[in-house]
Amino acid sequence: RVRHPVPASVRPARILWEQTALAAEAVRRRLDVLFNPGFTAPVAAPVPNVTVFHDLQHWRHPEHFRWFDLPAWRLMLWASAHRSQHIVTPSEAARADVLACYGLDPARVTTVEHGVDERFFAIEREAVEPELLCVSTLHPHKNIERLVRAFARFRTAHPEYRLVLAGMKGFQTDAVEQQVAALGLAGAVRITGWIPREELYGLYRRARGFVYPSTFEGFGMPVLEALAAGIPTACSSIEPLRTITGGAAVLFPPEDEEAMARAMEELLLRPPKDPAGPAQAGRYRWKRTAEQTLSVLYRSTSSS
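Throughout what follows, the structure given in this document is the object of discussion.

1. Regarding the pairing of strand β2 (residues 49-52)
The side-chain alternation of β2 yields two buried faces, one formed by N49 and T51 and the other by V50 and V52. Where strand β1 (residues 34-36) meets β2, three bridges bridge the pair, whose relative direction is parallel. Among the inter-strand pairings, N36 is bridged to a residue of β2, identified as T51. Pairing between β2 and strand β3 (residues 86-89): three bridges, direction parallel. If you follow V50 over to β3, its bridge partner there is H86.

In structure tokens form, the structure reads like this:
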């Protein structure tokens, strides 16, 4: 194992390192295959690349990107798609987008679904509180403004309930905060920002229900985590959420606030520890993800 002192949290610095230092290191160490888990690959590295494309939001929803970011996303992902020996996607929906966008040979694109942290299956649910939880970055496609409006409808009949929005503050944070204030929900909606993992487990432990209103996803990890914890769950009726929930969640059209509010009502009719959730989430294990990813890597090595 070789660690490099690249500030990976700074995307431009990571990509610069990836295109230069990582490419040189791949040659120096005569790698059989290079696994790139985050969209981009070192295009100059003369070794087989296997690259994960988590979604193609820049292609499906370019309106959600800043004007100066979009050209870089288009260029880097196009180069990575055509330079890589193989592309891995976390869902069939993401795979279909990759094939449609880049015109690749279908044999070069494989779906390997994600797993779920085993810790969620062990979460105790005895101390449930009147809270609805949404774990999501506050970006436009996450549909959080509409969720807040739907929660305001729901709360007219359930004034004791609170809504917790847990996740990094993204491009839509100001708009969400303004929406909360305009609806008089300042004391009923909590926006946590980034929180440590242990605090996140606590939110999953207490929430009476989980709501995920996203309009676009490459997979939908928070939904799977909620199911594993046994939280009654409602989410958008989009792919891949329909597939990963497998009938264990209440589905609603993400553009329909009234349907979203009704879904929140339906969650209260389900037991606080919903057995359908862990049963469905149990189909998604990281061990299987690792085995399938290794299979792709072996097939893509320079010795193959």
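What follows continues from the structure just given.
2. Quick look at the pattern of salt bridges
Throughout the structure, instances matching the rule amount to 21 salt bridges. Across the pair K142 and E217 runs a salt bridge, and its minimum N-O distance is 2.7 Å. Of this pair, K142 sits in the loop between β5 (131-135) and α5 (144-157) while E217 is found in the loop between β8 (209-212) and α8 (221-229), placing the two residues 75 residues apart along the sequence. With its nearest N and O atoms 3.3 Å apart, the salt bridge here joins E258 to R262. With E258 and R262 both in helix α10 (residues 257-267), this residue pair falls four residues apart, about one helical turn. Among the residues examined, E258 registers a relative accessible area of 45% and is labelled partly exposed. Overlapping salt bridges, with partners in common, bring together E129, E131, R162 and R206 in one network.

Cut-offs applied
Residues numbered from 1 in each chain as written. Predicted model: local features only at pLDDT ≥ 70, side-chain atom pairs only at ≥ 80, totals over all residues. Heavy atoms only, no water. Buried < 20%, exposed > 50% of the residue type's maximum accessible area, 1.4 Å probe, protein only. Helix = DSSP H or I, 4+ residues; strand = E, 2+ residues; numbered from the N terminus. Pairing = 2+ DSSP bridges. Salt bridge = Lys/Arg side-chain N within 4 Å of Asp/Glu carboxyl O.

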